[in-house]
Number of protein chains: 2
Amino acid sequence: MIAEIIAVGTELLMGQVLNTNGQYLARRLSEAGVTLHHQTTVGDNPQRLEEAVRQALSRADVVITTGGLGPTADDITKELCARALDLPMEPNAEAEAMVRGWFVKNGRPMTDNNLRQAVFPRGARILPNGYGTAPGCIAEKDGKAVINLPGPPRELIPMYEQSVAPYLAARSGAHLVSRYLRIFGMGESQVESLTGDLMRESVNPTLAPYCSTGEVQLRLTMRCRTPEEAAPHLDRLEAQVRQRLGDVIYAVTDRPDDSMERAAVEALRAAGKTVATAESCTGGLIASRLVNVPGASQVFLQGHVTYANRAKESVLGVRHETLAGFGAVSRETALEMAEGLFERSGADICLSVTGIAGPDGGTPDKPVGLVWLGLCTARGARAQALHLTGNRERIRTLAALHGLHWILRAARGQDI
Amino acid sequence: MIAEIIAVGTELLMGQVLNTNGQYLARRLSEAGVTLHHQTTVGDNPQRLEEAVRQALSRADVVITTGGLGPTADDITKELCARALDLPMEPNAEAEAMVRGWFVKNGRPMTDNNLRQAVFPRGARILPNGYGTAPGCIAEKDGKAVINLPGPPRELIPMYEQSVAPYLAARSGAHLVSRYLRIFGMGESQVESLTGDLMRESVNPTLAPYCSTGEVQLRLTMRCRTPEEAAPHLDRLEAQVRQRLGDVIYAVTDRPDDSMERAAVEALRAAGKTVATAESCTGGLIASRLVNVPGASQVFLQGHVTYANRAKESVLGVRHETLAGFGAVSRETALEMAEGLFERSGADICLSVTGIAGPDGGTPDKPVGLVWLGLCTARGARAQALHLTGNRERIRTLAALHGLHWILRAARGQDI
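Residues numbered from 1 in each chain as written. Chains lettered and ligands numbered in written order. Predicted model: local features only at pLDDT ≥ 70, side-chain atom pairs only at ≥ 80, totals over all residues. Heavy atoms only, no water.

Going by the annotation in an unreviewed UniProt entry, the name recorded for chain A is Putative competence-damage inducible protein, with Candidatus Avichristensenella intestinipullorum given as the source organism.

Set out below in structure tokens:
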């Protein structure tokens, strides 16, 4: 089954609103084993919207629209979809009861134009909206379906989960199972040169890369009739990839949005260890990413942003002579930051970061991008220099990733 | 001039990556007075990509693609655009020098497949990439242009600003001068109901809102023949807006990506004041955003992430009885965090945040979204509760914004 998504709205087209619905629907469709070839965004323009719906119907089995179900003259999605399907529009008693009920329940006066929201293509299945006035619908004709969903994510998501997901599952009968290998410490092109043949030759499951700042992820996707069939096939492909890439795979997960910090927090919890951080150039980024993982409170004891030298001394006990003699960005300072934190925090794993994120502050000796990481545990302290490139934000992001990776490895008892 | 955006990449199509480039480009095109009718996302599929490019060329003057310029076999955008324009692909010496130079500069080994990134449509203008290996290009034929940009935003944005914006300005012949009013403490719909008539009736300059989590920005854009003409017109419209909105406008700037933290750092520098932070639920987000402003080191003394109660006691000196009697999320704890920080850090402005970001940890008394802010300066300490809504990430983002806004107002000597 092939689906296509059309996002309707001038505010989306012009970039005033970010199209997060497209991402949400794409993920859910892919999890449901529905194939997606196109996503399109058009404004509130009748002619272009109708053309987009007709084109989508010519190449997909199911067309999902988002937006344009409201009460104003701009809200034209249902009418134009009905026209593309050659179905008449008519008042729908079930939908009218829903719209009227919403206003009663919310104690708000209803204006006449709200009844536009109760007019639907003939024979459409009405989808209740628990969080807004506009019901959605599924209109079918000649084996094709058009699904109209509201624009606000808080209305769209429950409607999808409640009404659309069951409809598509019943309609399709195929499952896609994905597994994600998260890679740190190897660039995209090197991953590709080591596994390119597998990417080209693997048909089911397929193998595909995608990368974000500092990380590469490989997605293994198996199309099957029952979810249970997938595991042995994915295991075999994963083993082949592991043989090529080895140690750089730091996590295997079934969710596409996993993260280094989640892996680190899980490893800390599994090991019953705690962590504390002392950050200079990353300025709290590592702490913030750790705290963003639900449940981090069990393992994250404290973090410090010691950006100024004075704070490195007063908060962490870095010696004045160390800062004066070696500088704030040095092996010695990184070590004393981690050691001081270890003494003061009581955490099992203490990480320090000090570096030059730029754009200013670089010297020939210590250029922008030089970052020292330090780590102190009961086994002792060590430090290492990173030589990072890019703008300030990228250098900070990469330094934070490296720091989180150290925490992950330390929590797992692996060598740093 | 009509443009069309095509985002290329299976990871975008399937929703693994959110298409923020589409929003960025749409905004910049609209600021440049370029009309946009369609945005499309397609996967790494040659046939569908070529069809999408051909269709876009049939209805637009300029087609901008994002993604698919990398070194792997998936990266097919340039080839298929060249085919749609009926131009041959050939190695480009200028681009090859850029690619080789990038690897030399970054001290990384270059694999052969990277030279794919130096093959371009004949006659194309090469666009340098300061932040990655893949140059972009502008290929023209029969009065139409295809612009190929890389997928990663940190490569795409500088390339757009440096090379594409001037190209489009030269092509269209008009100058657009924009001014941005940044608003905090008033929602989008209220801003719209207070200034909606100006938005509808202002033609040149135009007035348009953008909103992001917790903030609204109004853009005033003047189309003129020389940039110097703009100021008096923009001044007049700004005065009208100020009359309606008053105090909620916290900054006026000529860049669309300005931020609360930049305003705060500038205000601190102007006042010669320093700041320190003690964060619980925001987990270092405020410190991290402050440190991301170049030059923050002059004003930001230290930050602490005291997520655990033990850390609130040991790092900030919050009394055990306070935590036991009132809880970690309380006026009393917020005040003692700020006061303890003031005593220890020596900073002029000390901010504390403690709250419940969820999804767990809420109670009927202290629901998810309850956040206490505390502030201590030489004038004394005060605290205030926020009642925020949304998921964990949104609550943390909003709490951080409120905290940065307090710092900004305290630095300016305004009431909190």
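Next comes the rest of the write-up.
### Overview of the packing of aromatic side chains
Think of a pair of aromatic rings as described by two things: how far the centres are apart, and how the planes are tilted against each other in angle. Following the criterion strictly, the structure yields six aromatic pairs over all chains and no others. An angle of 85 degrees between the planes, with centres 5.8 Å apart, marks the rings of Y24(A) and Y160(A) as edge-to-face. Of this pair, Y24(A) sits in helix α2 (residues 20–31) while Y160(A) is found in helix α6 (residues 153–172), placing the two residues 136 residues apart along the sequence. As far as burial versus exposure is concerned, Y24(A) and Y160(A) are alike and both buried. Measuring from centroid to centroid gives 6.4 Å for Y307(A) and F300(B), while their planes differ by 50 degrees, and the two rings are tilted. Residue Y307(A) is found in the loop between β14 (300–305) and α11 (309–316), and its partner F300(B) is found in strand β14 (residues 300–305); the two belong to separate chains. A residue is classified by how much of its surface remains accessible, and Y307(A), at 15% relative accessible area, is buried. Seen from the ring of F120(A), K78(A) lies directly overhead, with NZ or CZ sitting 4.1 Å from the centre. (Phe/Tyr/Trp six-rings, centres within 6.5 Å; stacked < 30°, edge-to-face > 60°. Helix = DSSP H or I, 4+ residues; strand = E, 2+ residues; numbered from the N terminus. Buried < 20%, exposed > 50% of the residue type's maximum accessible area, 1.4 Å probe, protein only. Lys NZ or Arg CZ within 6 Å of the ring centre and 35° of its normal.)

### So, the side chain of E238(B)
Following the sequence through the fold, E238(B) ends up in helix α8 (residues 230–245). A relative accessible area of 12% places E238(B) in the buried class.

### A short note on the sheet that holds strand β11 (residues 215–224) of chain A
Think of a sheet as strands paired side by side through backbone hydrogen bonds, with each pair either parallel or antiparallel. Residues and elements named next belong to chain A. Strand order in the open sheet formed by four strands is β10-β11-β9-β12, with antiparallel pairing between adjacent strands. In this open sheet, the two edge strands, each paired with only one partner strand, are β10 (206–212) and β12 (249–253). Strand-to-strand, the axes of this sheet are offset by a mean angle of 20 degrees, without reference to chain direction. Pairing of strand β9 (residues 175–184) with β11, which is carried by 10 bridges, proceeds in the antiparallel orientation. What sits directly across from Y180, in β11, is R219. (Pairing = 2+ DSSP bridges. Axes fitted to C-alpha atoms, helices over the stretch in contact; angles between N-to-C directions.)

### Thoughts on the interface of chain A and chain B
The interface is formed by 69 residues belonging to chain A together with 71 residues belonging to chain B. Of the roughly 5,700 Å² buried between chain A and chain B on both sides combined, carbon and sulfur atoms contribute 53%. Taken together, chain A and chain B are joined by 26 residue pairs in polar contact (both at pLDDT 80 or more). Top element by residues in the side of chain A that touches chain B is strand β2 (residues 35–42) of chain A. It accounts for seven residues. Of the residues that constitute the side of chain A that touches chain B, the class distribution is 27 nonpolar, 32 polar and 10 charged. Both β2(A) and strand β2 (residues 35–42) of chain B contribute to a ladder of five bridges, which runs antiparallel. Bridged to H38(A) within β2(B) is V42(B). (Contact = heavy atoms within 4.5 Å. Buried area = accessible area lost by both parts, 1.4 Å probe. Polar contact = N/O pair within 3.5 Å; in protein donor to acceptor, adjacent residues only side chain to side chain. Nonpolar A, V, L, I, M, F, W, Y, C, P; charged D, E, K, R; others polar.)

### A few points about the pattern of salt bridges
Two side chains that carry opposite charge are able to pair once their charged atoms sit near each other. In the structure shown here, the tally under the stated rule is 37 salt bridges over all chains. Notably, a salt bridge pairs E215(A) with R182(A), separated by 3.1 Å at the nearest N-O pair. Of the two residues, E215(A) is situated in strand β11 and R182(A) in strand β9; the sequence distance between them amounts to 33 residues. A salt bridge links R54(B) to E50(B), with the shortest nitrogen-to-oxygen separation between them at 3.0 Å. (Salt bridge = Lys/Arg side-chain N within 4 Å of Asp/Glu carboxyl O.)

### As for helix α3 (residues 46–59) of chain B
Residues and elements named next belong to chain B. Along its 14 residues, α3 runs 20 Å from first to last C-alpha, staying within 8% of the 20 Å computed at 1.5 Å per residue. Of all the residues in α3, the buried ones are L49, E50, A52, V53, A56 and L57. Down the axis of α3, the smallest arc covering the buried residues is 160 degrees, so these residues share one side. Of the residues in α3, the exposed ones pointing more than 90 degrees away from the buried face are Q47 and S58. Considering only its buried residues, α3 is in contact with β1 (2–8), β2, β3 (62–66), α4 (77–85) and β8 (144–149). Looking at where α3 begins, the residue whose side-chain oxygen comes 3.1 Å from the main-chain nitrogen of Q47 is N45. (Expected span 1.5 Å × (residues − 1). Arc of directions from axis to C-beta.)

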